[in-house]
Structure formats: structure tokens, C-alpha cells
Amino acid sequence: LQTDTDVVVLTTGVLVLITMLPMIPQSGKRYLHDFFGIFGRLSAWCLQNPGHVAEIYLVHLHASVYALFHRLYGMYPCNFVSFLRSHYSMKENLETFEEVVKPMMEHVRIHPELVTGSKDHELDPRR
């Protein structure tokens with residue numbers, strides 16, 4: 001997911017990741033920044049279409065990235081929002097944020113952990 005360019009493989013891989021994340025919440029935490037990087041990469045892919053793939057494949061990729069957004073926001077809201085803030089504050093990522101990520105954010109409510117939790121508390125094994 002970090003380097004592949006085949007949109008079918010990417011879409012399938014994201015769907016597998018979404019399915020596996022709730023099953024491995026503790027062991028997956030060490031790869032959290034990798035998961036966030038995958039989200040950032042594939043969000044940009046949805047906008048830029050570097051492989052010039054057919055529109056139907058992009059629709060499926062976008063849907064899977066949207067599902068990944070919901071999974072990461074639901075499981076690790078403080079860390080994910082922190083990633084979004086740092087990653088999309090860079091000028092080169094602003095267009096991706098405006099066109100792909102911001103519309104995703106408009107369809108979620110504020111997560112209670114953003115008020116009562118912290119990045120460290122989210123990663124605590126006792127949680």
C-alpha cells in the first residue's frame with residue numbers, strides 16, 4: 001500500500017486493512033504512522049490519478065479511502081487529527097485536503113475522544 005501502483009491491488013489492500021484494524025488494535029499501533037501515510041498517499045492518488053486509471057477504478061479507490069478515513073478516525077481520533085493537521089498544513093498537500101479530505105470530514109461528528117482524550121491515552125494498552 002505504500003508503494004504499489006496497481007489501483008485494484010491498492011483498493012483490495014485498503015479494504016483488507018480496514019477489516020484487520022479492529023482485530024489488531026494493540027499490535028497495529030506501532031504501524032499507526034504507516035497507516036496514516038497510506039491514507040495520505042491514497043488521498044492524493046484519488047485526486048491526481050498518476051496511473052491514469054479508468055474512472056470506475058478511481059471511484060472504488062475513493063470509496064475505500066473514505067472507509068479507511070472512518071476507521072482511523074473512529075479508532076485513533078486524536079492521533080489521526082494530529083496527522084491530518086500536520087500533513088495537510090503543507091502547501092503541496094492543500095489541494096488534496098480541499099478536494100478529497102475536507103469533504104470526508106464534513107460527514108463526521110466530533111469524536112468525544114478529541115475532547116476527553118489525548119494522543120498518548122489512545123495508545124495506552126489498557127484502553
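Residues numbered from 1 in each chain as written. Predicted model: local features only at pLDDT ≥ 70, side-chain atom pairs only at ≥ 80, totals over all residues. Heavy atoms only, no water.

In the nomenclature of an unreviewed UniProt entry, the protein is known as TSC1 protein of Steatornis caripensis.

Enquirer: Go over a nonpolar patch on the surface, please, and point to the residues and values.
Expert: A cluster of nonpolar side chains, Val8, Ile56, Tyr57 and Val59, forms an exposed patch at the surface whose accessible area comes to about 360 Å². It is helix H3 (residues 55–75) that provides the largest number of residues to the nonpolar patch, a total of three residues. On the basis of relative accessible area, Ile56 is assigned to the exposed category, the value being 52%. (Patch = residues over 30% accessible without salt bridge, like charges linked within 9 Å, V, L, I, M, F, W, Y side chains within 5 Å. Areas by Shrake-Rupley, 256 points an atom, 1.4 Å probe, with all protein chains shown as cover. Salt bridge = Lys/Arg side-chain N within 4 Å of Asp/Glu carboxyl O. Helix = DSSP H or I, 4+ residues; strand = E, 2+ residues; numbered from the N terminus. Buried < 20%, exposed > 50% of the residue type's maximum accessible area, 1.4 Å probe, protein only.)

Enquirer: Which residues make up helix H5 (residues 94–105), and what values do they have?
Expert: With 12 residues, H5 should reach 16 Å at 1.5 Å per residue; the first-to-last C-alpha distance of 14 Å falls well below that figure. Buried within H5 we find Thr96, Phe97, Val100, Val101 and Met104. For H5, the buried positions fall inside an angular range of 125° around the axis, keeping them on one side. Among the exposed residues of H5, those pointing more than 90 degrees away from its buried face are Glu95 and Glu99. At its buried positions, H5 is contacted by helix H2 (32–48), H3 and helix H4 (77–87). (Expected span 1.5 Å × (residues − 1). Arc of directions from axis to C-beta. Contact = heavy atoms within 4.5 Å.)

Enquirer: Give me the lowdown on the packing of H2 against H4, citing residues and values where you can.
Expert: H4 packs onto H2 with a crossing angle of 50° between their chain directions and a minimal axis gap of 11 Å. Considering the angle they form, H2 stands oblique to H4. Handedness of the H2/H4 crossing: right-handed. Residue-level inspection shows Leu32, Phe36, Gly37, Phe39 and Gly40 of H2 in contact with H4, the latter providing Asn79, Phe80, Phe83, Leu84 and His87. Taken together, the residues of the contact of H2 with H4 break down into six nonpolar, four polar and no charged. (Axes fitted to C-alpha atoms, helices over the stretch in contact; angles between N-to-C directions. Parallel < 35°, antiparallel > 145°, perpendicular 65-115°, else oblique. Left-handed = near helix turned anticlockwise from the far one by under 90°. Nonpolar A, V, L, I, M, F, W, Y, C, P; charged D, E, K, R; others polar.)

Enquirer: Now, about the packing of helix H1 (residues 7–20) against H2: what can you tell me, with residues and values included?
Expert: Contact geometry for H1 and H2: axes closest at 12 Å, N-to-C directions at 140°. For the element pair H1 / H2, the angle class is oblique. Note on packing geometry: the crossing formed by H1 with H2 is left-handed. Between H1 and H2, the residues in contact are Val7, Leu10, Val14 and Leu17 and Phe35, Arg41, Leu42 and Trp45, respectively. Among the residues making up the contact of H1 with H2, the classes are represented as seven nonpolar, no polar and one charged.

Enquirer: Please set out the nonpolar core residue by residue, giving values where relevant.
Expert: One finds Phe39, Leu61, Leu68, Leu72, Phe80 and Leu84 to be the most contacted residues of the largest nonpolar core, which totals 33 residues. At the level of elements, H1, H2, H3, H4 and H5 are the ones that each hand at least two residues to this core. When near neighbours in sequence (up to four residues on either side) are disregarded, Leu72 contacts Leu21, Phe35, Phe36, Phe39, Pro77 and Phe80. (Core = buried A, V, L, I, M, F, W, Y, C linked by side-chain atoms within 4.5 Å.)

Enquirer: Can you tell me about the UniProt feature "transmembrane region" (unreviewed entry) in the protein, naming the residues and giving the values?
Expert: As annotated by UniProt and renumbered to match this structure, "transmembrane region" (unreviewed entry) occupies residues 6–24. Along residues 6–24, the helical share is 74% and the strand share 0%, with 26 Å between the first and last C-alpha atoms. (UniProt positions renumbered as here; feature names shortened; annotations may be inferred.)

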